[in-house]
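What the coordinates show
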Amino acid sequence: MNAPLTMLWLTPLAGAAVCAFLGSRARYGALFFSMLFAGLVAGVACGQSSGGVLSVVNELGPVWAYGISYRLSADSLSIGLIALTAFLNLICVAASWELEVPAGYWACFMALASALTGVFLARDLFFFYVFWEATLIPMFFIIGLWGSSNRLHAAVKFFLFTFAGSVFMLLALLALVSAHHRMTGVWTWDLAALDASNLGSAAPLVFWGLVLGFAVKIPMFPLHTWLPDAHTEAPAAGSVMLAGVMLKMGVYGLLRVALPLFPTLSFDALPILGGLAAFSTIYGALCAMAQTDLKRMIAYSSIAHLGFCLLGVLSRTSQGLTGGTLQLINHGLTTGALFLMVGFLYERAHKRGLSDFGDLATRAPYLAFFFGFSTLASIGLPGLNGFVGEFMALSGALSVLPILAFAGVLGVTLAAAYALPAFQAVFWAPAGPGSVSGKVTDLNLRERAVLWALSLLMLWIGLAPRPWLAYFEPALRGLVR
Amino acid sequence: MTVIPMGPQAALAAGVLGALSLGLMRKPPALALRALAVASVAGAMLLAVCSATGGYASAIVLTDSKSIGWQYLIYLGALPLALWLDGEDDVLVVLFLGATLGMSLLAAASNLPMLFIALEFMSLPAYLLVARSRPGTRGLEAAIKYFFAGGVAGALFMLGLSLYYADTRSLAASMDLTPLGQAGAGLMAAAALFKLGAFPLNWWLPDAYEAAAPEVSGFLSTAMKSAAVLFLMRLCELAPSAGFIAFLPAVGAVTALAGAVMALRQERLQRLFAFSSVSNAGLLIIGVGAWAASGRSSEGVSALLFFLGAYAFMSNGTFAFIKHSGLETRTQLKGRGAAMPAAAAAFTILLFSLGGIPPTGGFMAKLLLLWRAVDADLYWPAAAGAVSALISLAYYLGMTRELWLEAPHGPEPKPGPGAPLVIACAVGVVLLGAAPWLMSSLSGALTR
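Residues numbered from 1 in each chain as written. Chains lettered and ligands numbered in written order. Predicted model: local features only at pLDDT ≥ 70, side-chain atom pairs only at ≥ 80, totals over all residues.

**Side note on the overall build of chain B**
- Counting secondary structure elements, chain B contains 18 helices and two strands.
- A globule of 448 residues ought to have a C-alpha radius of gyration of about 22 Å, and chain B, at 21 Å, matches this closely.
- By principal-axis analysis of the C-alpha atoms, chain B measures approximately 65 × 60 × 45 Å.
- Relative to all contacts within chain B whose residues are 6 or more apart in sequence, the contacts with residues 24 or more apart total 80%. (Helix = DSSP H or I, 4+ residues; strand = E, 2+ residues; numbered from the N terminus. Rg over C-alpha atoms; globule rule 2.2 N^0.38 Å. Contact = placed C-beta atoms within 7 Å.)

As structure tokens, this is what we get:
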């Protein structure tokens, strides 16, 4: 193949187009193209790591008007996140298999996977922005068309919030490109060629413009208010993609664009950004504790988990960066699994309140097992994936600003304080008077297979994190301060 | 290739005369009139392509790159209306071709009296077009309002022209202006801003766009707007030292914000898109200001050309959807996506494009225009333009939500013909957005 990276984002897009015309058989198209996409990602990943050395795959196109050029590149960070996208996309297709949904549902998921892949591949900031915004359109329809009761409000809120953030990001990019042109006489949007030192006194404005765009997406307190609504109202698979991959775009943007372009400024901003990240971990956990809706609780827990990722990444130490990045993958797996299971519950009983269930462990032992497993992974039990990421991210933060690490540890403790009682209330406590546990049947083979895939990965990362950390390390080496 | 000076204008004039002659018959043949309308516009476009290779200039007309580029825009904006005209009413065909001829003359005018003649030539048929396109008194009222606004604009221009002449003793470009000439240039610019619908000179515009048939509103908001933008640019060229140029970015910023805010609460679709057109006019005025501030760079010209070209697709497409679907209000829009999936999907793409969401032509257009403003150090107008795009997203997204996500309400609409036009416009904006290389070669060819 001459253009493997272009194929990576075009394959799901072709899948979306095909699905749109397949009518009631669209799920087969989605399955085929998801598997093809996952296979391609695996192929690129294997080709990349041949001979024990990780190489960066580049694809450079011609330069068009205003220095816009088609350039894709894949280092281990990109491929890792694309692999997460492909894997979760396949999981989503499998998990939604029996839903009565029109062809558009499958087409939206494939289009979303394509745009996300483009975000992780693009090295031209123009294309980066285009892919970044293009993710909003399929997700808008996924939430708005197939979400639960308050979906219209959530869809519009989600779109407007993230768009507002990215408008500032775009203005910052424009200023960056214009400043480069003024200094060198060359128009370029190439991330590798741009140099923020051309900006002079406008540099802080541009930096904060970029950070604003990324922080809305992460989401960092106080820009998180769109998240609980969007995650709660989206269909189960939509929440998986939203929490599993779309939140990662924000941290990825920091790692790929903001930190390399503004090494000094981003370090100077550590007290503010790190403080907000640490606060997010505590705030997200406290909010999760107060929820009576299982899905909303998991949504708030995402804010807390992304706070850990941010703490690690912002510390700019080797273990913090790799741990924070690994935690991106971990959160995608564990939260993805939890959202799926809440979705399975909701499909069966059309309820998802903590008090709507009870005694489910005897009725649905498989569900109880997987839910317990994922909960433990999520709160960072040693031996499972969450522990590795959180431990490394916090130890990275500890070596730079200890106070932030202490706040983070408080967040970890609080995680157990909301997740375990919720698990207990739904699965072990006796069923209350209004309980709908009677409607819940145990997981079928397909659902178990999906959750096995996720759980085994959690266990693998937890027991043998070394290869995973080693995989991400080369891409992050340049960011270590 | 031999260049025929004023070839496109001759083709349109021939069309006008042909339609008038056909109108003499007891029962004018509808098919022939339709064919004449389409052939005149298409012929003018073709002749403009031919004249793109050579420049021609006289005391009153010229064919420079801007003149050719804007003629493309005008014919592109006019073509959908030519396709809609049913030919039953021969007067409509004459009025339409007459207005297009006026715009075309405006694109070629090289001195002030010629600009004035062209301005009147395009405006007079446009008033009647608004009045006649839809039966009833509303159209008449709007046309009279439009006529008075146009009359004020014409009078301002005439007054400005005489002051300018009194100062410079010249009807062509002049560098040095005394306060008298400055006042003259300012008055002439006010006439152009009137035509563009700059805030607060936009009071006539929503009424005219709402009362006219949707396809006529599409014509006015694309071809007429393109002509008005060029009108403003010609004034900047003729009086490069005029004081009004410094105010253009601020005027544009206020217009962009005011249009977007006023569109928020509109219930009737045509009125909503009229205010959206005001908001877009604001962006264009920022663009003209940035172009003038950066020494009238060719990049500024291509940004304006690209914006107007993309807008020709977006606005004509949205008004074509209103015509095709027969839906008049946002409430009627609710849940109607499923009843006409192809046209509604195309309309959705057009809405996203108008909202400036990539990968569409509308995004590229806004990006290029605001980039020019950032590059000319017009940070505040650029930020205001971005904020207006953000505000406008509330109603573009709101309409998408109503169309697809809400439950149907009221009687089932009966879609008319015209779906292919909506789809063609949507394909146009997707091509413009997904292909920066298309833009680079196109604008490169036009501004050579």
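Anyway, onward from the coordinates.
**A word on the overall build of chain A**
- The secondary structure content of chain A amounts to 20 helices and two strands.
- Along the three orthogonal principal directions, the C-alpha set of chain A runs to about 75 × 55 × 50 Å.
- Within chain A, buried positions represent 63% of all 481 residues.
- Look at the contacts in chain A between residues 6 or more apart in sequence, and 79% of them connect residues 24 or more apart. (Buried ≥ 20, exposed ≤ 12 C-beta atoms within 10 Å, placed from the backbone.)

**A few points about the interface of chain B and chain A**
- Chain B puts 21 residues into the contact, and the matching count from chain A is 22 residues.
- At the level of elements, α15 (361-375), α16 (379-405) and α18 (436-446) of chain B are the ones that each hand at least two residues to the side of chain B that touches chain A.
- Considering each element in turn, the side of chain B that touches chain A owes the most residues, nine residues, to α16 of chain B.
- When grouped by side-chain class, the residues that make up the side of chain B that touches chain A number 17 nonpolar, one polar and three charged. (Nonpolar A, V, L, I, M, F, W, Y, C, P; charged D, E, K, R; others polar.)

**Topic: the nonpolar core**
- Core analysis: the largest hydrophobic core is formed by 379 residues, its most contacted members being F109 of chain A together with L106, V130, A227, L232, V288 and F307 of chain B.
- Ranked by the residues each element gives to this core, the list is headed by helix α7 (residues 151-184) of chain A, at 19 residues.
- Discounting chain neighbours no more than four positions away, the residues touching A227 of chain B are I74, M103, L106, A107 and M122 of chain B. (Core = buried A, V, L, I, M, F, W, Y, C linked by C-beta atoms within 7 Å.)

**A word on unusual backbone geometry**
- Residues I218 of chain A and P219 of chain A are joined by a peptide bond in cis, for which omega reads -10 degrees.
- As for its position among the elements, P219 of chain A is in the loop between α8 (203-217) and α9 (226-233).
- The phi dihedral of R316 of chain A falls on the positive side, at around 55 degrees, and the residue is not glycine.
- Checked against the element boundaries, R316 of chain A lands in the loop between α13 (294-315) and α14 (318-349).
- Exposure remark for R316 of chain A: the 19 C-beta atoms within 10 Å place this residue in the partly exposed category.
- Phi is positive for R296 of chain B, which is not a glycine, with a value near 50 degrees.
- Looking at the secondary structure, you find R296 of chain B in the loop between α11 (269-293) and α12 (298-325).
- With 15 C-beta atoms counted inside 10 Å, the residue R296 of chain B sits in the partly exposed group.

**A word on the environment of G18 of chain B**
- When you line up the elements, G18 of chain B lands in helix α1 (residues 7-23).
- Taking the C-alpha atoms as reference, G18 of chain B lies 51 Å from W380 of chain B; in sequence the two are 362 residues apart.

**Here we look at the environment of S355 of chain A**
Residue and element names in this part refer to chain A.
- Relative to the helices and strands, S355 is located in the loop between α14 and α15 (360-363).
- On the basis of neighbour count, S355 is assigned to the partly exposed category, with 16 C-beta atoms found within 10 Å.
- In this structure the C-alpha to C-alpha distance between S355 and G434, which are 79 residues apart in sequence, comes to 8.0 Å.
- Not counting residues within four places of it along the chain, the set of residues in contact with S355 comprises T292 and G432.

**So, the packing of α12 of chain B against α15 of chain B**
Residues and elements named next belong to chain B.
- The contact between α12 and α15 brings their axes to 9 Å, and the two run at 155 degrees. Here α12 is positioned roughly antiparallel relative to α15, judged by the angle of their axes. As α12 packs across α15, the resulting crossing turns out to be left-handed. Together, E299, G300, A303, F306, F307, A310, Y311, F313 and M314 of α12 and G361, G362, M364, A365, L368, L369 and R372 of α15 make up the contact between the two elements.
- For the contact of α12 with α15, the residue count by class is eleven nonpolar, three polar and two charged. (Axes fitted to C-alpha atoms, helices over the stretch in contact; angles between N-to-C directions. Parallel < 35°, antiparallel > 145°, perpendicular 65-115°, else oblique. Left-handed = near helix turned anticlockwise from the far one by under 90°.)

**A look at the environment of L376 of chain A**
- Topologically, L376 of chain A is positioned in helix α16 (residues 365-378).
- Residues L376 of chain A and L420 of chain A lie 44 residues apart in sequence; the distance between their C-alpha atoms is 8.3 Å.

**Quick word on the packing of helix α3 (residues 76-95) of chain A against helix α20 (residues 466-476) of chain A**
All names here are of chain A.
- Running from N to C, α3 and α20 point in directions that differ by 130 degrees, and their axes come no closer than 7 Å. In terms of their interaxial angle, α3 and α20 are classed as oblique. Seen from α3, the contacting residues are S76, L77 and G80; seen from α20, they are Y471, F472, P474, A475 and L476.
- Residues that form the contact of α3 with α20 fall into these classes: six nonpolar, two polar and no charged.

**Concerning helix α17 (residues 385-400) of chain A**
Residues and elements named next belong to chain A.
- Between its first and last C-alpha, α17 extends 24 Å over 16 residues, near the 22 Å set by a 1.5 Å rise per residue.
- With twelve of its 16 residues buried, α17 lies for the most part within the structure.
- Taken residue by residue, α17 has N385, G386, F387, V388, G389, E390, M392, A393, L394, G396, A397 and L398 as its buried positions.
- Where α17 is buried, its residues touch α13, α14, α16, α18 (402-427) and α19 (445-463). (Expected span 1.5 Å × (residues − 1).)

In short, the description is geometric, and any link to function would need to be established separately.
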